[in-house]
Amino acid sequence: DMLSCLSCVSMGLPNTAEDTAYKNTSDKGRVPPHIIFVMVDDQGYSDVGYHGSDIHTPVLDQLAAEGVKLENYYVQPICSPSRSQLMTGRYQIHTGLQHSIIRSRQPLCLPPDTPTLPERLWQAGYSTHMVGKWHLGFCRPECLPTARGFQSFLGSLTGSGDHFSFQSCDGAEACGFDLHDGERPAWELSGNYSTRLYTERVKKILRTHDRRKPLFLYVALQAAHTPLQAPAHLLQRYHSLGNRLRRHYAAMLSGVDEAVGEMVEEMRDQGYYANSVLIYSSDNGGQPLSGGCNWPLRGGKGSYWEGGVRAVGFVHSPLLERKREVSRALIHVSDWYPTLLALAGSPEAEPRRLDGYDVWGAISKGLPCPRTEILFNIDPVSRRPGEVDHRLLAVNGFGIWDTGVRAAIRVGEWKLLTGNVGDGDWVPPQILPGGPQHWQGMEKRQDQRGKSVWLFNITADPYERSDLAEARPEVVKLLLSRIAEYNQTAIPARNPPDDPMADPQLHGGVWTPWLAEKEEESEDGGEPADGHNKKVRFKSCKVCKLRALFKKVGTRLQRSALFF
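Residues numbered from 1 in each chain as written. Predicted model: local features only at pLDDT ≥ 70, side-chain atom pairs only at ≥ 80, totals over all residues. Heavy atoms only, no water.

A.B. asks: How should I be thinking about the pattern of salt bridges in this particular structure?
C.D. replies: Pairs can form between side chains of opposite charge whenever their charged atoms are close. Within the structure shown, the criterion is met by 34 salt bridges. The residue Asp283 makes a salt bridge to Arg83 at a minimum N-O spacing of 2.9 Å. Residue Asp283 is found in the loop between strand E11 (276-282) and helix H8 (306-309), and its partner Arg83 is found in helix H3 (residues 79-88); the two are separated by 200 residues along the sequence. Owing to a relative accessible area of 0%, Arg83 belongs among the buried residues under this scheme. Among the salt bridges present, the one from Arg184 reaches Asp181, with a minimum N-O distance of 4.0 Å. Using a relative accessible area of 37% as the deciding quantity, one classes Arg184 as partly exposed. Salt bridges sharing common partners tie together Asp41, Arg83, Lys133 and Asp283. (Salt bridge = Lys/Arg side-chain N within 4 Å of Asp/Glu carboxyl O. Helix = DSSP H or I, 4+ residues; strand = E, 2+ residues; numbered from the N terminus. Buried < 20%, exposed > 50% of the residue type's maximum accessible area, 1.4 Å probe, protein only.)

As structure tokens, then:
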């Protein structure tokens, strides 16, 4: 059994600093709680049983019912942004990652000078382990999970891949293997279903970890991201669903439900449960074209409408002072960073450096929430150079803000959106067979044509059906001013072009770091002060570049057949 290979891998790395931190924690006479954070990929707001779904999630329903359901909880509309804010507690405008995801061939990753949640927890005496999808860049070795605070890692580095073979493609021309155990490709584990494989690794960590030492376990499941794949026994449960995409998607989420159940059972069996905090979160809204459902919320994955950013989320813990509650506190994915550090007994020393808030009091005790607003994003790259329409600033933006720039903010009960914020359709549950071509009778957005500003009272109108931008110009001006204020604190967006040297065919067929070390620049952005260009590539010769080109041309048609 290939899963048995998991037992061959060491789960901890001896380190003097770590041992010291462990002793310091022990000296306090109290072991901080074990923290298990489960992030699920592309789960729609309505794709959980307790939101009325046709997908069976009995484990999640029970855990949420016994804990605190987060019903005013927000994430980002796509993968990398949500994950970066979880790891740093900072908005995208403050890390330079405000434009889209980090692509597989993009020489980009989390800023190295920004402390990550696992780094801080490790310093506080925790053992830190990650299982699942990273998607925060891997161009250099120092970008890898094991270089950003995790002592062990089993999972994928890119944004998506086959759930059995772990082949991942960036477009049709760059494909490679993407399952890594630490820094090495885990070829021997190929053929296992991703959710099953990751669950077994989690259970192995729980069995081998020293329970006297606090544990941080980040479980970022690939399900239910495309490609939609699930084992036969899970698909059989939904054989009556006529929509094939929905059937596969539902089966994948049933697999997630079972996996979380096994993890919690192992926590109980191994003695973690009584001193544990389990957090469950989707990374963004569901994708209706791939089986997801956010109904009755508007829009979906990739958009700043509620269906793209309102997430399934709950906290389950014996340590909660109030259980079986529904929290309406305004909570954002960036809040987990300061919240978990405070739970670990190592609160952020400079809270103003962060955009997240410690919301444990609001969750556990029902205290007033310190968060009153959320900047979803400001994406300057969404406006191409030379595309400026002065009316969008002077008229629509009241001279305050260029409303052609994609941005969104929530302040109190109000939400403002500007620019191209994504598809704003309301997509009802996909009970129809055949898929999108039969969905023509559904509600279509009527308020996006020729507009660049929308305003909603989310408390009174959570489904974003009544645009109040014209009726309440004073609120529009106030929120536009707030966006402009945030923009004054933004750093330039980092969006480098793809690097052909990232092609897995140059690296043994594996997605892996391809830059040896970070380029060092002088303060003026030019060459390094010593006159030497210090960017060193693993493959930098002209012959290598030609070889990469020939391989791409020779296999382009063959690979394209897989996609078109």
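On we go from here.
A.B. asks: In this structure, what is going on with the packing of aromatic side chains? I would like to understand it.
C.D. replies: What describes a pair of aromatic rings is the distance from one ring centre to the other and the angle between the planes of the rings. Here the structure, examined in full by the defined rule, presents 15 aromatic pairs. A ring pair is formed by Phe37 and Trp336, whose centres lie 6.0 Å apart and whose planes are at 75°; its orientation type is edge-to-face. Separated by 299 residues along the polypeptide, Phe37 in strand E1 (residues 34-40) and Trp336 in helix H9 (residues 336-343) bring together distant segments of the chain. Each member of the pair Phe37 and Trp336 is classed as buried. Ring centres of Phe177 and Trp187 lie 4.2 Å apart, and the angle between their planes is 10°; on these two criteria the pair is classed as stacked. With Phe177 in strand E7 (residues 174-177) and Trp187 in the loop between strand E9 (184-185) and helix H5 (194-208), this pair connects stretches of sequence that are 10 residues apart. With relative accessibility at 1%, the residue Phe177 sits in the buried group. Joined through ring pairs, the aromatic side chains of Phe37, Tyr73, Trp134, Phe150, Phe216, Tyr218 and Trp336 make up one cluster. We note Arg268 situated over the ring of Tyr273; from NZ or CZ to the ring centre the distance is 3.9 Å. (Phe/Tyr/Trp six-rings, centres within 6.5 Å; stacked < 30°, edge-to-face > 60°. Lys NZ or Arg CZ within 6 Å of the ring centre and 35° of its normal.)

A.B. asks: Could you clarify how one ought to interpret the sheet that holds strand E16 (residues 406-411) in this entry?
C.D. replies: Pairing between the strands of a sheet comes from backbone hydrogen bonds, and it takes one of two forms, parallel or antiparallel. With respect to topology, 4 strands assemble into an open sheet ordered E15-E16-E17-E18, the strand pairing being antiparallel. Whereas interior strands pair on both sides, the edge strands pair on one side only; in this sheet they are strand E15 (373-379) and strand E18 (453-457). Ignoring which end each strand starts from, the neighbouring axes of this sheet average 10° apart. Examined bridge by bridge, E15 and E16 share 6 bridges and lie antiparallel to one another. Considered in E16, the bridge of Ile378 is made with Ala407. Set on the sheet, helix H12 (residues 473-488) makes contact with E15, E16, strand E17 (414-418) and E18; between it and E17 the angle comes to about 65°. (Pairing = 2+ DSSP bridges. Axes fitted to C-alpha atoms, helices over the stretch in contact; angles between N-to-C directions. Contact = heavy atoms within 4.5 Å.)

A.B. asks: Would you take a moment to explain the state of the cysteines for this structure?
C.D. replies: Two cysteines whose sulfur atoms are joined by a covalent bond form what is called a disulfide. Going through the model one piece at a time under the given rule, you end up with 2 disulfides. Each disulfide pairs two cysteine sulfurs, and for Cys109 the partner residue is Cys143, the sulfurs being separated by 2.2 Å. Between Cys109 and Cys143 the sulfur-sulfur dihedral comes to about -50°; the bridge is accordingly left-handed. A residue pair is termed long-range when its members are at least 10 positions apart, and Cys109 in the loop between H3 and helix H4 (117-123) and Cys143 in the loop between strand E4 (127-133) and strand E5 (152-156) qualify at 34 residues. The exposure class of Cys143 is buried, given its relative accessible area of 2%. Through a disulfide, Cys169 is tied to Cys175; the S-S separation comes to 1.9 Å. Since a negative S-S torsion denotes a left-handed disulfide, the Cys169-Cys175 link at about 115° is right-handed. Take Cys169: its relative accessible area is 29%, and that puts it in the partly exposed class. On the basis of relative accessibility, which here comes to 7%, the residue Cys175 falls in the buried class. (Disulfide = S-S within 2.5 Å.)

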